[in-house]
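# Coordinate inspection notes
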Amino acid sequence: FPPGANSRTFSGLAPGSYAIMMADDADFTAGSPDDPGACLTTTVVAVPSFGGPAIATAVTPGNCFSVNGSVTVTGSGSTGPYHYNLNGGAFQSSTDFTNLVPGNYVFGVMDFNGCVNYVSATVPNPPTPSITATVTPEACGSGNGTVVLTGTGGTAPLQYSIDGFNFQISNTFS
């Protein structure tokens, strides 16, 4: 991009999955970025087609940034059997894509006649738990201070630890 430009249009693309990269560099007037690894961001996009099979997705998020999200894809609207792919990879007969990290993906469907279509889907980060603490101060030297924790979000049941190693269901420490 010339200095100050913040958009770019790619036209004439065939249906498919494209990984688009953007670099943040002040010296694009002289060519490629001076340090192309400094600030790069990538997004994967799908260019769909008209007249091919339809594709739908059902997303199941993973647990707390784990590699266990999944997407089930379903083809329809043309002649089956259908085959599916992920991010432009090889087509397969299985509709399930598992062990996915949170992120953006492009899924393809190919019908019996070789017509293809694509759709983007996002495996989200699940909501992280948050915690609030209610503290009752200690009466000078008596050792009777109390902390009551209230957790929200995450995947139940929530457990609490005061030392980072030993967890318990009870949300009270005294």
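Keep in mind it's a predicted model, so treat the numbers as computed, not measured.

## Thoughts on the environment of A46
Relative to the helices and strands, A46 resides in strand β2 (residues 40-47). Taking the C-alpha atoms as reference points, A46 and F107, separated by 61 residues in sequence, lie 7.9 Å from one another. Excluding residues within four positions of it along the chain, A46 makes contact with G16, V106, Y118, V119 and S120.

## A look at the sheet that holds strand β11 (residues 172-173)
Spatially, the three strands line up as an open sheet ordered β9-β10-β11, and their pairing is antiparallel. The open sheet is flanked by β9 (130-136) and β11, the only strands paired with a single partner. In this structure, β9 lies alongside strand β10 (residues 146-152), joined through seven bridges in antiparallel fashion. Across the sheet, the residue bridging to I131 is G151, located in β10.

## A look at the sheet that holds strand β6 (residues 96-100)
Spatially, β3-β4-β6 is the arrangement adopted by the three strands of the open sheet, whose pairing is antiparallel. Edge positions in the open sheet fall to β3 (54-60) and β6, since each of these has one partner strand only. Averaged over neighbouring strand pairs, the angle between their axes works out to 20 degrees when direction is ignored. Bridge count between strand β4 (residues 69-76) and β6: three bridges; the pairing is antiparallel. The residue of β6 that forms the bridge with V71 is F97.

## Considering the packing of aromatic side chains
As enumerated under the stated definition, the model contains two aromatic pairs in all. Centroid distance F97 to F107: 5.3 Å. Interplanar angle 55 degrees. Geometry classified as tilted. Of this pair, F97 sits in strand β6 while F107 sits in strand β7 (residues 103-110), placing them 10 residues apart in sequence. Comparing F97 with F107 shows no difference in burial state: the two are buried. Here the aromatic rings of Y105 and F107 are separated by 6.3 Å at their centres, their planes lie at 40 degrees, and the arrangement is tilted. Overall, the relative accessible area of 0% leaves F107 in the buried class. Clustering of aromatic rings is evident, with ring pairs tying together F97, Y105 and F107.

## Quick word on the environment of A121
In this structure, A121 sits in strand β8 (residues 116-123). For A121, the contacting residues outside a window of four places in its chain are T57, V59, G103, N104, Y105 and F107.

What counts, and at which threshold
- Residues numbered from 1 in each chain as written.
- Predicted model: local features only at pLDDT ≥ 70, side-chain atom pairs only at ≥ 80, totals over all residues.
- Heavy atoms only, no water.
- Helix = DSSP H or I, 4+ residues; strand = E, 2+ residues; numbered from the N terminus.
- Contact = heavy atoms within 4.5 Å.
- Pairing = 2+ DSSP bridges.
- Axes fitted to C-alpha atoms, helices over the stretch in contact; angles between N-to-C directions.
- Phe/Tyr/Trp six-rings, centres within 6.5 Å; stacked < 30°, edge-to-face > 60°.
- Buried < 20%, exposed > 50% of the residue type's maximum accessible area, 1.4 Å probe, protein only.

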